[in-house]
Every structure is written in structure tokens, then in C-alpha cells.
Amino acid sequence: MTEPAGESFAVEQTDVLVVGSGFGGAITAYHLAAGGARVVVLERGPWLRSDEFEHDFMLGSSYTRIFDFVVGDGMALLGGNCVGGGSVVYFAAMPRVPSFVFERKGSIGRRMWPATIDRAALDPWYDRVEQALPVSRNDWNTVTYAGGLFAAACARAGHTANPVPAAVDNTLCTNCNWMMAGCRFDAKRSLLLNYLPGAIANGAEIRPLHEVQRIARTDDGGYRVHYNVIHDDDYRLTNGSGAIDAKIVVLAAGAGATPVILQRSEAELGAMPHAVGRYFSGNGERLNTAVIDEDKARDLLGVSRPDGSAFRANQVGKGPCVASWDRLDGSLPEYSRFSLEQLYFPPGFGTILAQVPGPDGPTWFGPEKKELLRRWQSWLTTFTMSEDDNEGEFGAPPPTGNAFRISQQMLGRGPIRYRPTENTLRGWAESDAQVKEIMERDGLATVLPWSNDVVGAYTVHPLASCRIGDDPATSALDDRHELRGHPGIFVTDGSAVPCALTVNPALTIAALAERAVPGIVRAARQRGVAVSYGASLP
Amino acid sequence: MTLEAFADTIVPGEKRFPADRSVAGAASGGGAVVAGAIELLETPAAGVAGGLTDLARMLNEHATAYAREHGRDLDGDVPAFVALAFDDRSALVRALTGPDHPERDGWVALALFSNMAFDTAAHRHTTEAIAEGHVGLATMGFAAPDPDGLWRFPAYSYGRPLADLHPDTTASGSLA
Ligand SMILES: Cc1cc2nc3c(=O)[nH]c(=O)nc-3n(C[C@H](O)[C@H](O)[C@H](O)COP(=O)(O)OP(=O)(O)OC[C@H]3O[C@@H](n4cnc5c(N)ncnc54)[C@H](O)[C@@H]3O)c2cc1C
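Residues numbered from 1 in each chain as written. Chains lettered and ligands numbered in written order. Predicted model: local features only at pLDDT ≥ 70, side-chain atom pairs only at ≥ 80, totals over all residues. Heavy atoms only, no water.

Turning next to the overall build of chain A. When you go through chain A residue by residue, the secondary structure sums to twelve helices and 24 strands. What you see for chain A is a C-alpha radius of gyration of 22 Å, in line with the 24 Å of a compact globule of 538 residues. C-alpha extents for chain A along the principal axes are approximately 75 × 50 × 45 Å. Relative to its 538 residues, chain A shows a buried fraction of 69%. (Helix = DSSP H or I, 4+ residues; strand = E, 2+ residues; numbered from the N terminus. Rg over C-alpha atoms; globule rule 2.2 N^0.38 Å. Buried < 20%, exposed > 50% of the residue type's maximum accessible area, 1.4 Å probe, protein only.)

Quick look at the structure:
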């Protein structure tokens, strides 16, 4: 079905309409605006200033306003819900993806990445993002107690461990560990500090609390993007709706939302590529909680703090600071490669799934769990990123957005379905065994993985639900990120990444978005937009 | 009472008074109930308040069926779930929140909020909860903020190398 352009006075016009203001949206919006295009960004979440990021767990504080938690069938997704997207809530660990990942075949029997992309091809784009955010290397003086303890445990078990590159300005950081509520000290280099102000300075318009529902065609070959205006406290409520016509649409609503928008648009846009809403990857994520024996930490690792304790520092820090990369070895078989990263999740998310041995096997609730909570300050969480099997699929879209919203903010029920294959389960089991080997050696700690019984598996790194590739049967986008069969629609968020990356993905999502811009500029020019490519970094 | 007993199964506590029935007394110190589970479940922001009456009714139906199946006698003084012994409450909650239970969404939501009342006091401003000695945050040893209500940890690093780097580390700090 096509909708006549200019059918009504109410329909606004722009050159480029960007959906979502996370990495994929902010980076493309900046370059297109800087190149001279009229750019409008629609973002479903609110727009908060630094001083609105609160240290508060109360429902309705920034912690729940800017966060999104969607429970599906077998998989729960955590993400951002605000201007700046995931960059506002993330932990800012920014490693590059090791070379072997680009050669992965997964279960499709051929290279999943397009032939034009490997590590060497992506390196110049990584350079740009590292410079723009910027990203810097942690060193042993900025590594937190938790990172240091994990490093020492790795070393004692015969493993290497690296301070992780991060988009954190350590001169401003207070190590408060409230990163998920937004950084009120501007230490975390979110997109609110670089690409988004750059886009605004070049005339881009960012509209918060505008949730895109579907896309239709106009009869001049462009697209009409339909949105609802979301209530600013109760996201279940809508304050009206509207539409904007654009020559180019950049979809960057995140891997949990982009495929849903396309599925909902299928009736009007025509058939979607098979891979839209398929091949979802949770980046092979898995968490283990170790409870450190304080005396052993002092005796075995020789660590101590100024107050005399050895560790007791779960609450202190800034997310992941140290990772062990020994299993990122390209000569190992696929699904056996993973990284281990020390991590902090605040109470709530960080406590409910942690398990203890119970009378009938591991349990996540009850009296034994409460005993575990008494030792919370001695917890050390490790984060596995492994190679999963792209086994997630989206079911029929909900009426609006990408989930039925349950709470006023944050919590919803979404259409994703995920059943880990034997390959994925094996990777998790191997990583659990390695965490145990490192952390339980000589009684340093007791370790159990988080439960997958409560919300299924979980991921803060949704990927691949609308991916790039060379094979039209198993990829929704070509290697320029254009949606197959729908010229002028580009996807530049985590959904475009073909597979699990074995490391944190934001730097790679950002580098791919940077790489996609010249192609989007070309497509815009072909559609009569006066835009050029080549602006300096924001 | 029924929902209190559910929350107490998730994070158990000591009885508030000798005749306390909903809190089973399976652990020392306050649990989810004293931490404010019912208050949190009833906050409009949580979005589950409208379903609580139904959930309580269903929980008691499940408890009655459980008692029949396992040959437990339930006294009629309190709702069926409250009349169950703590271990039976736990077994039933395990089944209801299990991966294959058709109603698991509702029970998992109840469990999530029961847990959050204890771990995060999400019905209160965190600074106020801490100032008043909120039982969950105190049990975990959650540190108090600076006088301006913000957290800062000036001492945070052991400040010395604690492991060898991976041999393939590049100048950017990533692996090759
Ligand atoms: C707690 C946490 C910690 C993390 N830590 C790290 C880390 O240390 N390192 C790392 O590399 N990655 C980390 N991540 C992941 C990282 O944040 C994501 O990979 C990244 O933000 C994804 O970028 P994106 O462009 O795909 O989408 P997002 O950044 O998620 O942006 C999508 C945006 O689209 C908006 N949106 C969704 N639907 C619609 C709609 N219908 N209409 C309009 N707007 C919409 C969303 O609100 C959001 O703002 C973390 C994530 C979380 C949740």
C-alpha cells in the first residue's frame, strides 16, 4: 500500500528520519546533519540532563525512566530507553572484536560477515569512534578493587588478564557504580557528550518520547514513518500520534525493537527479508557470582585496602575494568571461545538471579539466598561473552512498541523466543567451568552461575535480529546496511551485527555505523538530498 | 496475608510478633515483608496492583490443591497458602515460577518485586531508606552516601599490576 505524499497538511517532511538515538542513530544523525541533510531523530524515551541522573533505586527515578527490561520467552533483554540509548545506561567497556570472530560460520555453513568486512577493514572505523567518544585504556591505577581481585585470581590460576579499554574519563569518575542510572558526573562518555550535541549543532532535531510504530511507502518513492507520543511518566499511555515523510529512513531502535517495527510495517511495505526478526543473538551472555573468602583473598592474593580489609568492595567501582581473554583463541573450535569480564550489577538486577546451593539443587530464593545476601559486599560477578547460535526469533509484534508494558516504566513482556542450542549450552558450561577453576582455586571463593529459570537467558547485548551479510537467505541487509528489497531504508544498530562477538559490542556497533554513513549519504544524494560526506568528528 | 507469605518465601524473615502467621520465621532478621514488599507491589508505578487480588486467590487455590496432593491438613484460620509450612510454600513457589508453568509470568513478577523491596527498597528514595535503616540494604551492607546524597569512593584501586597482559594485546588495549 502506498500513501500519497503531501496527502495532508499535517504530515511533516524531512530528508532523513532516524529511529532511535543510541549508537546506530546518533552517529548516522551526526554525519548526515553535518553533511547538510535535514535530519529528524525520533526517540521513544525521555531526554535527561546530567543533573537529572539520580543515585536512587526508587521507581520513577532516572534508574527506571531511562531503562528498558523486556522479558520474552526464554530471553530477557536489558537496554536503554532515552535520548542517547544504551550509551546512557551502559558500562562503557569498549574493546575491539578479535580477528577470528569475523570468520565465524555459525550454523549456516558459510561466513556470516560480508566478504568486505574483517578486522583490518573495521580498524579505521574503530579508530574514529575511539577518538570521538573518546575511549581510553584503563591501567592498573584506575582498575577497581573488583577488577584487581579478578586479575590476581586469573594470574594465580595461570591466566592473563587485561585492563579493559573504556569510554570513561577517570579524572571525573567517582567510582560510584551508578552507571545504569546515567552518569551525573559526565565521566562516562555517553553519546550525550559527543555525537548528539554535534548533530544538534548541525541542525538535527531530536524528539524524545516519540515511539515509532510502523513505516509505510509514499508514492514518490519515499517513506512515511508513523509514531505515537509517549506520556512522560507512564510509558503505557499515549498522548497522540503523527507521521513524518522522509526520503531516507535509518532504523536504529536496537536489536530488540528494529525487527518489530519492520514486522509491523510488512502489511504496508511488502514482504520483509526472511532474516528480519530471526538469527537474534544474546552475545552468548552468562553471569557467575563468586563470594570471596576475605581471609583467603589476603593470604592467597596478597591484596589489602587502606581500611585493612582485603576486598569487601562489590559496591565500589565503574562496571567492568578487567577481562581475561585467554579463551579468545582462533584455533579453538567455534562455540568454545569466550571472554570473561569482571562486572558489577546493582542490587535488583544484580541479586535476584544469583544462586546458592539449596536442599534440592541451586536456588535463587529462600533462607540460603538470604545468607548469601549478607555477604553481598564480598560478591564478585564475572561476565561471559561466548559464541551463541543466533537462535532467537521474534513472534508477532505487540500492538505498540516492542513489548506489552507492565510497569509504568522499565518492565515489559516482549515477543522474543530463545531456546539455547547444544552449541550455546556447551559454551556456557565451558565458561562456568573456567570461572570455577579461577575463582574456587584453593578456596578463594564459592561460585555459582545465575539462574536461567526465572527470566530465561538474559542479555544486555542484543544483536543480529536484522543482520548484514552476503547471503540474502540469511541476512536482512546487504553489506551497506540497506534493507533488501526496500531501498532507502538502512539499519545501523546492534541488529545489523551478524553474530555474537565474544566481547562487548558497542564499539563495533558504532564502528559499523560510521562505516555505513558514506553509503547512506550516496543513497540520499541519489534521492535528491543535498548532502555530502566528510565532516570531521564531533 | 497471602501475598505477605509469598514475599516471605522469597526473602524470609523473623516473625514480627509471636502469633505472626504470614511470616514463617525461616530466617533471622527482617525479610521481604518488613522491607516493604506489599507497599512496593501496591505502588502504581509497579503496574501489578490491579492483579494482586486475583494472584492471591490463585495462590490459595494452588495451595489447596498442593495440600490435597501431598496430604497436608490446612487449618481454616488463615488463607490456604499461609497455612502451609515454609518448606511446602517454597516447593509450591518453585513449581509456580518454574520454566514450564503456564502462569509463571505472574508469579515471576511477584517474586521480582518481593526481591526488589528487600534489595533496593524501590518504593522509597534510597537515601531515605538508608537513613531509616532499611533492613534489606542494611543486611547487604550497602554503603551510605556522602552528605549530598551521592555516592563516591575515593579509594577504589589496589593500584598495582596484578596479572600479565595477553601477549596479543594491541596499542588500543584490545586483542589483535
Ligand atoms: C546495563 C548495560 C550495560 C552495558 N554495558 C556495555 C559495555 O560496557 N560495553 C558495551 O560495548 N556495551 C554495553 N552495553 C550494550 C550497549 O549499550 C548496546 O550494545 C548499545 O547501546 C546498542 O546500540 P544500538 O544502537 O543497537 O541501540 P541502543 O543504544 O539500544 O539504542 C536504541 C534506541 O532506540 C530507542 N527506541 C527503541 N524503540 C524505538 C521506537 N519504536 N521508536 C523510537 N525509538 C526507539 C531506544 O529507546 C534507544 O534509545 C550495555 C547495556 C546495558 C543495558
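Additional details are given in the paragraphs that follow.
This part covers the state of the cysteines. All names here are of chain A. Applying the stated criterion across every chain yields a total of zero disulfides over all chains. Cys 176 provides the cysteine sulfur closest to Cys 183, a residue in no disulfide bond, and the two sulfurs are 6.4 Å apart. What makes Cys 183 buried here is its relative accessible area of 16%. The closest cysteine sulfur to the non-disulfide-bonded Cys 466 is located on Cys 499, 15 Å from its own sulfur. (Disulfide = S-S within 2.5 Å.)

All names here are of chain A. If you check the shell around the ligand, you find 39 residues, and the closest are Glu 43, Gly 86, Ala 93, Gly 494 and Ala 506. Here an oxygen atom of the ligand sits 3.3 Å away from a polar atom, N or O, in the main chain of Phe 23. Here an oxygen atom of the ligand sits 2.6 Å away from a polar atom, N or O, in the side chain of Glu 43. Out of a free accessible area of 1,000 Å², the ligand has 96% covered by protein chains. Of all the secondary-structure elements, those providing two or more residues to the shell around the ligand are α1 (23–34), β5 (75–80), α3 (86–89), β10 (210–218) and α12 (506–526). Residues that form the shell around the ligand fall into these classes: 21 nonpolar, 14 polar and four charged. (Near = heavy atom within 4 Å. Polar contact = N/O pair within 3.5 Å; in protein donor to acceptor, adjacent residues only side chain to side chain. Areas by Shrake-Rupley, 256 points an atom, 1.4 Å probe, with all protein chains shown as cover. Nonpolar A, V, L, I, M, F, W, Y, C, P; charged D, E, K, R; others polar.)

A few words now on the interface of chain A and chain B. Accessible area lost when the parts come together is the quantity often used to give the size of an interface. Opposite the 72 residues of chain A that make contact, chain B presents 70 residues. Between chain A and chain B, the buried area comes to about 6,000 Å², and carbon and sulfur atoms account for 60% of it. For chain A, the biggest contributors to the area lost against chain B are Leu59(A), Phe365(A) and Lys370(A); these three give 12% of the whole. The interface formed by chain A and chain B includes two salt bridges. Note that Asp360(A) is salt-bridged to Arg94(B), the shortest N-O span being 3.1 Å. Looking at the side of chain A that touches chain B, its residues break down into 38 nonpolar, 19 polar and 15 charged. (Contact = heavy atoms within 4.5 Å. Buried area = accessible area lost by both parts, 1.4 Å probe. Salt bridge = Lys/Arg side-chain N within 4 Å of Asp/Glu carboxyl O.)

This brings us to unusual backbone geometry. Residues and elements named next belong to chain A. Residue Leu 133 is joined to Pro 134 through a cis peptide bond whose omega torsion reads -15 degrees. As for its placement among the helices and strands, Pro 134 is situated in the loop between α4 (119–132) and β6 (136–137). Even without being a glycine, Tyr 279 presents a positive backbone phi close to 60 degrees. Among the secondary structure elements, Tyr 279 is positioned in the loop between α7 (258–269) and β13 (285–292). The backbone phi angle of Asp 442 is positive, close to 55 degrees, even though this residue is not glycine. Position of Asp 442 relative to the elements: it lies in the loop between α11 (422–439) and β22 (445–449). Of the residues examined, Asp 442 reaches a relative accessible area of 45% and is grouped as partly exposed.

All right, on to the sheet that holds strand β15 (residues 338–343) of chain A then. Residues and elements named next belong to chain A. As summarised here, the arrangement of the six strands in space is β7-β14-β15-β18-β13-β22, forming an open sheet in which the pairing is antiparallel. Each end of this open sheet is capped by a strand with a single partner; those strands are β7 (162–163) and β22. Strand contacts of helix α5 (residues 145–156): β13, β14 (322–324), β15 and β18 (379–386), with the helix running at about 25 degrees to β14, the strand carrying the most contacts. (Pairing = 2+ DSSP bridges. Axes fitted to C-alpha atoms, helices over the stretch in contact; angles between N-to-C directions.)

On to the UniProt feature "domain: Glucose-methanol-choline oxidoreductase C-terminal" (unreviewed entry) in chain A. Residues given the UniProt feature "domain: Glucose-methanol-choline oxidoreductase C-terminal" (unreviewed entry) here are residues 459–513 of chain A. Taken end to end, residues 459–513 of chain A comprises 15% helix and 7% strand; its first and last C-alpha atoms sit 21 Å apart. (UniProt positions renumbered as here; feature names shortened; annotations may be inferred.)

Turning our attention to helix α4 (residues 52–70) of chain B. Residue and element names in this part refer to chain B. The end-to-end C-alpha distance of α4, which contains 19 residues, comes to 26 Å, matching closely the 27 Å that a straight helix rising 1.5 Å per residue would cover. Among the residues making up α4, those that are buried are Leu 52, Leu 55, Ala 56, Leu 59, Asn 60, Ala 63, Tyr 66 and Ala 67. One side of α4 carries all its buried residues, which in axial view fall inside an arc of 135 degrees. Turned more than 90 degrees away from the buried face of α4 sit Thr 53, Arg 68 and Glu 69, all of them exposed. Buried residues in α4 make contact with α1 (2–10), α3 (37–42), α5 (80–83), α6 (86–96) and α7 (104–119). (Expected span 1.5 Å × (residues − 1). Arc of directions from axis to C-beta.)

Residues Val39(A), Trp113(A), Leu149(A), Tyr195(A), Ile292(A) and Met439(A) are the most contacted members of the largest nonpolar core, which totals 235 residues. With 13 residues, the single largest contributor to this core is α12(A). Ignoring anything within four residues of it in the chain, the contact list for Leu149(A) reads Ile292(A), Ala297(A), Leu301(A), Val303(A), Phe311(A), Leu380(A), Met439(A) and Tyr158(B). By size, the runner-up hydrophobic cluster in this structure holds nine residues, among which are Met75(A), Phe280(A), Phe394(A) and Trp428(A). (Core = buried A, V, L, I, M, F, W, Y, C linked by side-chain atoms within 4.5 Å.)

All names here are of chain A. Following the sequence through the fold, Ala 464 ends up in the loop between β23 (457–459) and β24 (489–491). Along the backbone, Ala 464 and Ala 496 are 32 residues apart, and their C-alpha atoms lie at a distance of 5.4 Å. Excluding its chain neighbours within four sequence positions, the residues that come into contact with Ala 464 are Ala 255, Arg 278, Tyr 279, Phe 280, Ser 281, Asn 390, Gly 494, Ser 495, Val 497, Pro 498 and Cys 499.

Next up on the list: the pairing of β13(A). All names here are of chain A. Buried residues dominate β13, accounting for eight of its eight residues. Alternating positions in β13 separate into two faces, Glu 285, Leu 287, Thr 289 and Val 291 on one and Arg 286, Asn 288, Ala 290 and Ile 292 on the other, with burial throughout. Here β13 pairs with β18 via seven bridges, running antiparallel. Residue pairing across strands places Arg 286 opposite Thr 384, the latter belonging to β18. By the bridge criterion, five bridges tie β13 to β22 in an arrangement that is antiparallel. Residue Ala 290 lies in a different strand from β22, and its bridge partner there is Val 447.

We now examine the confidence of the model for chain A. For chain A, per-residue confidence averages 96 on the pLDDT scale, and residues scoring 70 or more make up 98% of the total. Mean pLDDT values over the elements of chain A span from 56, in strand β1 (residues 2–3) of chain A, up to 99, in β24(A). (pLDDT = per-residue confidence, 0-100.)

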